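Summary of structural features
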Amino acid sequence: MLAIGGSNFALLEPVTLLHPALLLPATSCVLVHNHPSGNAEPSQDDICVTQKLAAACHLVGIELIDHVVISKNNYRSLKELGYFNS
């Protein structure tokens, strides 16, 4: 767990997300977070964070495999939605 947000937000920056992967050192990572609202559609902030993280991963040689948003009964893959390429 890297962050705990409020009912409709969590502040995440690429450095916070990549820190554990760099310490391992990992060659790839998957970002997963939940939407307690039940709507698994990625928000504009989700998309922005994903694109920043994908660029940062590329810079340091870590493959971002996917960013998955989960809800109680559904999930959405930002990779499948075309928001980034690894």
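Analysis parameters
Chains are numbered independently. Their residues run from 1 in the order of the written sequence. At least 70 in pLDDT is required for a residue's local features to be given in this predicted model, at least 80 for side-chain atom pairs to be given and counted, and no such filter applies to totals for whole chains, interfaces and linings, which use all residues. The basis for every side-chain value is the complete set of heavy atoms in the structure, and neither hydrogens nor water enter the calculation. Each helix is a run of H or I in the DSSP string that is no shorter than four residues. Each strand is a run of E no shorter than two, and both are numbered from the N terminus. The span you would expect from a helix comes to 1.5 Å times its residue count less one. Remark: exposure states derive from per-residue accessible area (1.4 Å probe, protein chains only) relative to the maximum for the residue type, with buried under 20%, exposed over 50%, and partly exposed in between. Note on contacts: a residue pair qualifies if any of its non-hydrogen atoms lie within 4.5 Å across the two residues. Here an angle of 0 to 180 degrees is reported between the N-to-C directions of two axes, which are lines fitted to C-alpha atoms, with helices fitted over the stretch in contact. Put simply, angles under 35 degrees are roughly parallel, angles over 145 are roughly antiparallel, angles from 65 to 115 are roughly perpendicular, and the rest are oblique. Helix crossings are classified by the rotation of the near helix relative to the far one: an anticlockwise turn of less than a right angle makes the crossing left-handed, while a clockwise turn makes it right-handed. Three residue categories are used. Nonpolar comprises Ala, Val, Leu, Ile, Met, Phe, Trp, Tyr, Cys and Pro, charged comprises Asp, Glu, Lys and Arg, and polar comprises the others, including Gly. Between any two strands, at least two bridges found by DSSP are needed for them to pair.

**Brief notes about helix H2 (residues 44–60)**
Along its 17 residues, H2 runs 25 Å from first to last C-alpha, staying within 8% of the 24 Å computed at 1.5 Å per residue. Residues of H2 that are buried: Asp-46, Ile-47, Val-49, Thr-50, Leu-53, Ala-54, Ala-56 and Cys-57. Looking at the packing, one finds that the buried side of H2 touches helix H1 (14–23), strand S1 (28–34) and strand S2 (63–70). After H2 finishes, the residue Gly-61 shows a positive phi value of roughly 80°.

**Some points on the packing of H1 against H2**
If you want to describe how two helices pack, look at the angle between their axes and the distance between the axes. Relative orientation of the contacting elements H1 and H2 amounts to 40°, with a least axis distance of 10 Å. When the axes of H1 and H2 are compared, the pair comes out oblique. Our pair here, H1 against H2, has a crossing hand that is right-handed. Between H1 and H2, the residues in contact are Pro-14, Leu-17, Leu-18 and Leu-22 and Val-49, Lys-52, Leu-53, Ala-56, Cys-57 and Val-60, respectively. Class assignment for the residues of the contact of H1 with H2 results in 9 nonpolar, no polar and 1 charged.

**Some details on the sheet that holds S2**
Taking strand neighbours across the sheet as the criterion, the 3 strands line up as S1-S2-S3 in an open arrangement whose pairing is mixed. Of all strands in the sheet, those with a lone pairing partner are S1 and strand S3 (75–77), marking the two edges. Between one strand axis and the next, the sheet turns by 20° as a mean value, whatever way the strands run. Of the pairings in the sheet, the one linking S2 to S3 comprises 3 bridges and is antiparallel in character. Directly across from Ile-70, in S3, lies its bridge partner Tyr-75. The strands touched by H2 within the sheet are S1 and S2, with S2 carrying the most contacts at an inclination of about 165°.

These figures come from the coordinates and say nothing about function on their own.
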